[in-house]
Amino acid sequence: MINLLILGGTTEANALAKAVAAQGVSAVYSYAGRVDTPRPQPLPVRAGGFGGADGLAGYMRDNAVTHVIDATHPFAAQMSGNAVTACREVGVPLAALTRPAWHAQDGDRWAHVPDITAAVAALSGPAQRVFLAVGRMHLEDFAVQSQHHYLLRLVDEPDALPSPHCDVVVSRGPFSEADDRALMQRHGIELVVSKNAGGTGARAKLDAARALGLPVLMIDRPALPQRVELSSVTQVLDWLAHP
Ligand SMILES: NC(=O)c1ccc[n+]([C@@H]2O[C@H](COP(=O)([O-])OP(=O)(O)OC[C@H]3O[C@@H](n4cnc5c(N)ncnc54)[C@H](OP(=O)(O)O)[C@@H]3O)[C@@H](O)[C@H]2O)c1
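These remarks concern the structure in this document.

### Observations regarding the nonpolar core
In terms of nonpolar packing, the biggest core is built from 21 residues, with I6, V20 and I69 touching the most fellow members. Broken down by secondary-structure element, the contributors of at least two residues to this core are β1 (3-7), α1 (11-22), β2 (26-31), β5 (94-97) and α7 (233-241). When residues in this core are grouped by element, the largest group, five residues, is from α1. Setting aside residues up to four positions removed in sequence, I6 forms contacts with A13, L16, A17, V28, Y29, S30, L43, I69 and A71. Residues Y150, L152, L154 and L217 belong to the second largest nonpolar core, which totals 19 residues.

Following this line, the structure appears as structure tokens:
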């Protein structure tokens, strides 16, 4: 009998939850608990950290988890690392449901930085109008570059702003290239800062930046430990049948 734990919080995890529920597989969907009103799931949901790799291992033992799918965001490096450690400790098979990184196309003006710290450093310099698309959790890091006027688009209202000059758009998307182009034009955006999340949901701002000839500061993905990587819900269902 399969008893699956899905580490979620992404579009991919939501698609997997739908497929797993449709097949009647026993599974729990885990949220970090950061979003005020998370999307409902067709599976039992738990929310909040496990308490590190040890906590996750304990949760898996207590709940007789047989398989784990790490479908977290590519920047959720801590959770993904903990999943590798805990699954190894408990002897439970783990696979990650991942999405390919974005790659620059003709016309893109991307400068790459390895992480948030480097992105903050790259923003030293005169004030600009910046579309800061890095999510709520990292906004405070950018407060040392408070000279800029930031456009922020977030799922929830931010707790703290990186500058006195901010425009906040609260939206979950999905976003289109035309809408993002109009948004950036309306706000006079000169630079886009983006994490290399991959996938289609957040791609629109990059297409809009290319269309407008705007530079993008692209934060590359963190390195993650080696694990089985699957790229579609179908592959996950096959893996669950034959891990
Ligand atoms: N980072 C992003 O850019 C981003 C963007 C969109 C969505 N998300 C989603 O937001 C969540 C948190 O991301 P993060 O950047 O904070 O990750 P993180 O830095 O890797 O995780 C920090 C801690 O949050 C807890 N956590 C993270 N994901 C969890 C989950 N699915 N279920 C239970 N606990 C979880 C874990 O706490 P314990 O150590 O206590 O277990 C983890 O150690 C993830 O589910 C991710 O998919 C992240």
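Now that the structure has been shown, the text picks up again.
### Details of the pattern of salt bridges
The tally for this structure, following the rule as stated, stands at ten salt bridges. The closest approach of N and O atoms between E177 and R181, which form a salt bridge, is 2.8 Å. Remark: R181 and E177 occur in helix α5 (residues 177-186); sequence separation between them is four residues, near one turn of the helix. We note a salt bridge from D207 to R210, for which the minimum N-O separation is 3.0 Å. Note that D207 and R210 are positioned in helix α6 (residues 204-212) at a spacing of three residues, about one turn of the helix. The network of salt bridges with common partners includes D108, R203, D207 and R210.

### Describing the sheet that holds β2
Spatially, the six strands line up as an open sheet ordered β3-β2-β1-β4-β5-β12, and their pairing is parallel. Edge positions in the sheet fall to β3 (45-47) and β12 (228-230), since each of these pairs with one other strand and no more. Averaged over all pairs of adjacent strands, the angle between their axes in this sheet comes to 25 degrees, without regard to strand direction. Alignment of strand β4 (residues 67-70) against β5, held across three bridges, turns out to be parallel. Looking at the pairing, V68 lines up with L94 of β5.

### Regarding the side chain of H67
Positionally, H67 belongs in strand β4. At a separation of 2.7 Å, a polar atom in the side chain of H67 contacts the side chain of T66. Setting aside its immediate chain neighbours within four residues, H67 contacts I2, N3, L4, L5, V92, P93, W239, L240 and P243.

### Describing the layout of surface pockets
In this structure, the second largest pocket spans a volume of roughly 180 Å³. Taken together, 19 residues line the second largest pocket, and the ones lying closest to its centre are P74, T98, R99, R221 and R227. Here the lining of the second largest pocket is built from residues that sort into eight nonpolar, five polar and six charged.

### Some remarks on the packing of aromatic side chains
With the rule as written, the count across this model stands at two aromatic pairs. Each ring, one from Y29 and one from Y31, has its centre 4.7 Å from the other, and the planes form 55 degrees; the classification is tilted. The same class applies to Y29 and to Y31, which are both buried. Plain terms: the ring middles of F50 and Y59 are 5.2 Å apart, the flat faces sit at 65 degrees to each other, and that makes the pair edge-to-face. Residue classification places Y59 among the buried residues on the basis of a relative accessible area of 17%. Residue placement shows R46 over the ring face of F50; its charged tip is 3.9 Å from the ring centre. The lysine or arginine in question, R46, covers the ring of Y59, its NZ or CZ lying 5.3 Å from the ring centre.

### Overview of the site of the ligand
Not every one of the 24 residues close to the ligand is listed here, only the nearest: G8, S30, R34, F50 and K195. R34 has a polar side-chain atom sitting 2.5 Å from an oxygen atom of the ligand. The contact in question runs from an oxygen atom of the ligand to an N or O atom on the side chain of N82, over 3.4 Å. Elements that contribute at least two residues to the shell around the ligand include exactly β2 and α3 (77-90). Examining the composition of the shell around the ligand, we find that four residues originate from one element, α3, more than from any other. Here the residues of the shell around the ligand sort into nine nonpolar, twelve polar and three charged.

Calculation criteria
- Residues numbered from 1 in each chain as written.
- Predicted model: local features only at pLDDT ≥ 70, side-chain atom pairs only at ≥ 80, totals over all residues.
- Heavy atoms only, no water.
- Core = buried A, V, L, I, M, F, W, Y, C linked by side-chain atoms within 4.5 Å.
- Buried < 20%, exposed > 50% of the residue type's maximum accessible area, 1.4 Å probe, protein only.
- Helix = DSSP H or I, 4+ residues; strand = E, 2+ residues; numbered from the N terminus.
- Contact = heavy atoms within 4.5 Å.
- Salt bridge = Lys/Arg side-chain N within 4 Å of Asp/Glu carboxyl O.
- Pairing = 2+ DSSP bridges.
- Axes fitted to C-alpha atoms, helices over the stretch in contact; angles between N-to-C directions.
- Polar contact = N/O pair within 3.5 Å; in protein donor to acceptor, adjacent residues only side chain to side chain.
- 1 Å grid on protein atoms, 1.4 Å probe; cavity = no way out; pocket = protein on both sides within 12 Å on 5 of 7 lines; lining within 4 Å.
- Points joined across faces, edges and corners; volume = space filled by probe spheres on them.
- Nonpolar A, V, L, I, M, F, W, Y, C, P; charged D, E, K, R; others polar.
- Phe/Tyr/Trp six-rings, centres within 6.5 Å; stacked < 30°, edge-to-face > 60°.
- Lys NZ or Arg CZ within 6 Å of the ring centre and 35° of its normal.
- Near = heavy atom within 4 Å.

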